Amino acid sequence: GAVVSQHPSWVICKSGTSVKIECRSLDFQATTMFWYRQFPKQSLMLMATSNEGSKATYEQGVEKDKFLINHASLTLSTLTVTSAHPEDSSFYICSARAIAGRGDTQYFGPGTRLTVL
Amino acid sequence: AQKITQTQPGMFVQEKEAVTLDCTYDTSDQSYGLFWYKQPSSGEMIFLIYQGSYDEQNATEGRYSLNFQKARKSANLVISASQLGDSAMYFCAMSPLYNFNKFYFGSGTKLNVKP
């Protein structure tokens with residue numbers, strides 16, 4: 001159980017275009033989802049916390065106008081990278097909060113590799 | 001402030017042997033959870049094991065066990081009988097129990113299992 005999917009798994013786009021990444025919890029409802037960014041050989045960096053029906057909470061240094069997050073339902077959160085530039089190229093991972101035995105944990109999607117040309 | 005430290009950027013282990021991945025943490029919270037995740041080359045983050053700060057017994061999940069030493073603030077992951085499929089990045093993470101929205105990740109350890 002607790003499966004999270006992401007779509008697309010990889011995307012290549014031209015500089016200046018916008019890219020939307022979907023994150024879905026397949027077998028559970030997730031009131032809270034998270035978006036991370038990971039650079040090669042580095043750890044995950046939390047970008048924002050997405051709550052169903054309310055505005056996302058962004059971490060310090062993350063541009064909310066550039067990384068638009070919409071949590072429209074209990075199973076879907078989307079991240080839109082607006083006017084993408086080469087420096088936005090990265091591995092984006094979403095996760096959803098679920099109860100796992102004795103405590104909460106986050107279950108992660110498979111990630112989306114974004115390359116901006 | 002919370003901080004997770006993984007001092008082993010890379011490790012090698014022989015197939016079928018046991019290996020310990022180190023993780024130390026620093027927190028002022030009294031109640032917290034400790035997690036280990038595996039990230040293979042495909043990129044997905046796979047949840048392995050959880051330990052609560054008030055749990056008296058060390059957590060075990062199949063071949064994974066967590067050597068939790070609260071006084072030393074360490075939460076080492078032990079993988080028994082290593083398999084080739086265990087080759088991956090391993091991340092230690094911590095979250096305060098009052099706010100599971102905040103996950104703090106270590107820098108990761110790259111484990112290579114040799115045949």
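None of these values were measured; they are calculated from a predicted model.

Let's talk about the pairing of strand S5 (residues 44-51) of chain A
Residues and elements named next belong to chain A. The buried count for S5 comes to six of eight residues, which makes it a mostly enclosed element. Pairing of strand S4 (residues 32-38) with S5, which is carried by seven bridges, proceeds in the antiparallel orientation. Bridge pairing links Met33 to Ser50 in S5. The turn joining S4 and S5, which pair antiparallel and follow one another in sequence, is formed by five residues; a positive phi near 60 degrees is taken by Lys41. Of the pairings in the sheet, the one linking S5 to strand S6 (residues 57-58) comprises two bridges and is antiparallel in character. Note on S6: the bridge partner recorded for Thr49 is Thr57.

Description of a nonpolar patch on the surface
All names here are of chain A. Taken together, Trp10, Ile12 and Leu117 make up a surface patch of nonpolar side chains, about 390 Å² in accessible area. Position of Trp10 among the secondary structure elements: in strand S2 (residues 10-13). Classification of Trp10 by relative accessible area gives exposed; the value is 60%.

Some details on the state of the cysteines
Applying the stated criterion to the full structure yields two disulfides over all chains. The disulfide partner of Cys23(A) is Cys94(A), and the gap between their sulfur atoms is 2.0 Å. On the S-S bond that ties Cys23(A) to Cys94(A), the torsion sits near 80 degrees, and the link is right-handed. With Cys23(A) in strand S3 (residues 19-25) and Cys94(A) in strand S9 (residues 90-100), this pair connects stretches of sequence that are 71 residues apart. Residue Cys94(A) is classed as buried on the basis of its relative accessible area, which comes to 0%. Two residues share a disulfide in this structure: Cys23(B) and Cys92(B), whose sulfurs sit 2.0 Å from each other. Between Cys23(B) and Cys92(B), the S-S dihedral sits near -65 degrees, and the bridge is therefore left-handed.

A closer look at the sheet that holds strand S1 (residues 4-7) of chain A
All names here are of chain A. Taken in spatial order, the four strands line up as S1-S3-S8-S7 in an open sheet, and their pairing is antiparallel. Of all the strands in the sheet, the pair left with one neighbour each is S1 and strand S7 (67-73). The sheet shows a mean angle of 15 degrees between the axes of neighbouring strands, direction not considered.

A look at the pattern of salt bridges
Residue and element names in this part refer to chain B. All told, the structure shown has four salt bridges over all chains when counted by the stated rule. One salt bridge connects Lys73 with Asp26, and the closest N-O pair in it is separated by 3.7 Å. Here Lys73, found in the loop between strand S8 (64-69) and strand S9 (74-79), pairs with Asp26, found in strand S4 (residues 24-26); they are 47 residues apart in sequence, far enough to count as distant. Of the residues examined, Lys73 reaches a relative accessible area of 28% and is grouped as partly exposed. When the shortest N-O distance is used, the salt bridge between Arg63 and Asp86 registers 2.8 Å. Placement of the pair is Arg63 in the loop between strand S7 (60-61) and S8 and Asp86 in the loop between S9 and strand S10 (88-96), with a sequence separation of 23 residues. When its relative accessible area of 22% is taken as the criterion, Arg63 is described as partly exposed.

So, how was this worked out
- Residues numbered from 1 in each chain as written.
- Chains lettered and ligands numbered in written order.
- Predicted model: local features only at pLDDT ≥ 70, side-chain atom pairs only at ≥ 80, totals over all residues.
- Heavy atoms only, no water.
- Buried < 20%, exposed > 50% of the residue type's maximum accessible area, 1.4 Å probe, protein only.
- Helix = DSSP H or I, 4+ residues; strand = E, 2+ residues; numbered from the N terminus.
- Pairing = 2+ DSSP bridges.
- Patch = residues over 30% accessible without salt bridge, like charges linked within 9 Å, V, L, I, M, F, W, Y side chains within 5 Å.
- Areas by Shrake-Rupley, 256 points an atom, 1.4 Å probe, with all protein chains shown as cover.
- Salt bridge = Lys/Arg side-chain N within 4 Å of Asp/Glu carboxyl O.
- Disulfide = S-S within 2.5 Å.
- Axes fitted to C-alpha atoms, helices over the stretch in contact; angles between N-to-C directions.

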